[in-house]
Amino acid sequence: VRLFDCLALFASVFYLKKKVNITAAFTSLSIITITLLTSIFYFKIFPACFIEPGGLTYFKIGAEYFCMVLLAAVIYFLNSRKNAFSKKVYDLTFFSIVFKIITGALFTLYRDVYGISNAAGHYFWVLSFYFIFRAAVETNLKTPFNSMFYELSKTLSELSKANAVLVNEVKE
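What you see is a predicted model; the values in this text were computed from it and never measured.

What counts, and at which threshold
- The numbers attached to residues start from 1 for each chain and follow its sequence in the written order.
- Where totals are concerned, whole chains, interfaces and linings use all residues; where local detail is concerned, this predicted model gives features only for residues with pLDDT of at least 70, and gives and counts side-chain atom pairs only at 80 or more.
- Heavy atoms throughout the structure, all of them, feed into the side-chain values; hydrogens and water do not.
- Think of it this way: a Phe, Tyr or Trp ring, Trp meaning its six-membered ring, pairs with another when their centres are within 6.5 Å, and the plane angle makes it stacked under 30 degrees, edge-to-face over 60, tilted otherwise.
- The cut-offs for exposure are 20% and 50% of the maximum accessible area for each residue type, with area from a 1.4 Å probe on protein chains only; residues under the lower value are buried, those over the upper are exposed, and the others partly exposed.
- Secondary structure is summarised from DSSP: a helix means a run of H or I of at least four residues, a strand means a run of E of at least two, and numbering begins at the N terminus for each.
- Think of it as a cone above the ring: NZ of Lys or CZ of Arg counts as a charge over the ring if it is within 6 Å of the ring centre and within 35 degrees of the ring normal.
- By definition here, a helix of n residues has an expected span of 1.5 Å times n minus one.
- Whether two residues are in contact is decided by their heavy atoms: any pair within 4.5 Å suffices.
- Salt bridge, as used here: a side-chain nitrogen of Lys or Arg that lies within 4 Å of a carboxyl oxygen of Asp or Glu.
- The distinction between a cavity and a pocket rests on a 1 Å grid over the protein atoms alone: a 1.4 Å probe fits inside a cavity but cannot get out, while a pocket stays open yet meets protein on both sides within 12 Å along at least five of seven lines, and a residue with an atom within 4 Å of a point counts as lining.
- Grid points are joined across faces, edges and corners, and a volume is the space filled by probe spheres set on the points.
- Cysteine sulfur atoms are paired as a disulfide whenever they come within 2.5 Å of each other.
- Within the patch definition used here, like charges are joined within 9 Å and nonpolar side chains (Val, Leu, Ile, Met, Phe, Trp, Tyr) within 5 Å, considering only residues with over 30% relative accessible area and no salt bridge.
- Computed with a 1.4 Å probe, the accessible areas rest on the Shrake-Rupley method; for each residue, only the protein chains presented here act as cover.

**So, the packing of aromatic side chains**
Describing an aromatic ring pair means giving the distance of the ring centres and the angle of the ring planes. On inspection of all chains with the given rule, the structure shows 15 aromatic pairs. Arranged with centres 6.3 Å apart and planes meeting at 80°, the rings of F107 and Y110 form a pair that is edge-to-face. With relative accessibility at 4%, the residue F107 sits in the buried group. According to the relative accessible area criterion, Y110 is buried, its value standing at 9%. Judged by centre distance (5.7 Å) and plane angle (50°), the ring pair of W125 and F129 falls under tilted. In this pair, W125 and F129 are both assigned in helix α5 (residues 116-142), 4 residues apart and thus about one turn of the helix distant. When its relative accessible area of 39% is taken as the criterion, F129 is described as partly exposed. An aromatic cluster is defined as three or more aromatic residues linked by ring pairs; in this entry it consists of Y90, F94, F95, F99, F124, Y130 and F131. When the ring centre of Y15 is taken as reference, the NZ or CZ atom of K18 above it lies at 5.9 Å. Of note, K100 hangs over the ring of F129, and the distance from its end group to the ring centre comes to 4.1 Å.

Next up, the structure:
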């Protein structure tokens, strides 16, 4: 689930300004989900992540590190497209991703499924969803026009500033 979550976030950064084909996206995600579920429950070929009494497997630890690298790349690309978001949405999204990275780090440390590291990882994961919820849902429900017309209002503000500069230059 975490790997799926990280890959979806990574892909989403590249579709910020593009129109997404909903049918193709839904079909692709359905195929991936069905493939994963059948590899786990039917074919039973999905690698184990935790083995009693040894603890985490190399697959699980490697997958968590891979997620952390993907999420760091998401922060990098998100930062390079920072002007596409309001400050509030950017900050909430940024904190969500940071908490996801902390989650991954904690999920590489636990030796016991009931241990403090595993529990803390889940708490940070919930916090990451809280922040992404606030960024995506709450912001768009409370101020939908701010989100919809963010770029338009930003361009209007820039034009207004440029107009003021031109007026001052004409006066001089």
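This is not the end of the story, as more comes after the structure.
**Section: helix α3 (residues 58-80)**
Look at α3: 33 Å from first C-alpha to last across 23 residues, which is about the 33 Å you get at 1.5 Å a residue. Of the surrounding secondary structure, the elements contacted by the buried residues of α3 are α1 (2-13), β2 (55-56) and α4 (87-107).

**Some details on the pattern of salt bridges**
Side chains carrying opposite charge are able to pair once their charged atoms draw close together. Taken as a whole and judged by the stated rule, the model has 4 salt bridges. Close ionic contact of E64 with R2 constitutes a salt bridge, the shortest N to O distance being 2.9 Å. Within this pair, whereas E64 is found in helix α3, its partner R2 is found in helix α1, the two being separated by 62 residues in sequence. Overall, R2 belongs to the buried group, its relative accessible area being 7%.

**Describing the layout of surface pockets**
Gaps between atoms show up when a probe of the same size as a water molecule is rolled over them. Each pocket or cavity is described by its volume, and for the largest pocket that value is around 1,000 Å³. Taken together, 34 residues make up the lining of the largest pocket; nearest its centre are V1, L3, F4, L7 and L36.

**Thoughts on the state of the cysteines**
Per the counting criterion, the structure on display carries 0 disulfides. Not engaged in a disulfide, the cysteine C6 finds its nearest cysteine sulfur in C67; these two sulfurs lie 3.3 Å apart. Residue C49 stays outside any disulfide, its sulfur separated by 11 Å from that of C67, the closest cysteine. Given the relative accessible area of 29%, C49 is considered partly exposed.

**Description of the side chain of N118**
With respect to the element layout, N118 can be found in helix α5. Residue class for N118 comes out buried when judged on its relative accessible area of 8%. In contact with N118, not counting residues within four places along its chain, are F107, Y110, D112 and V113.

**Concerning a nonpolar patch on the surface**
Among the surface-exposed residues, F4, L29, I32, L36, L37, I40, F41, F46 and F59 lie close enough to one another that they form a single nonpolar patch of about 760 Å² accessible area. Considering the arrangement of structural elements, one finds L36 in helix α2 (residues 22-42).

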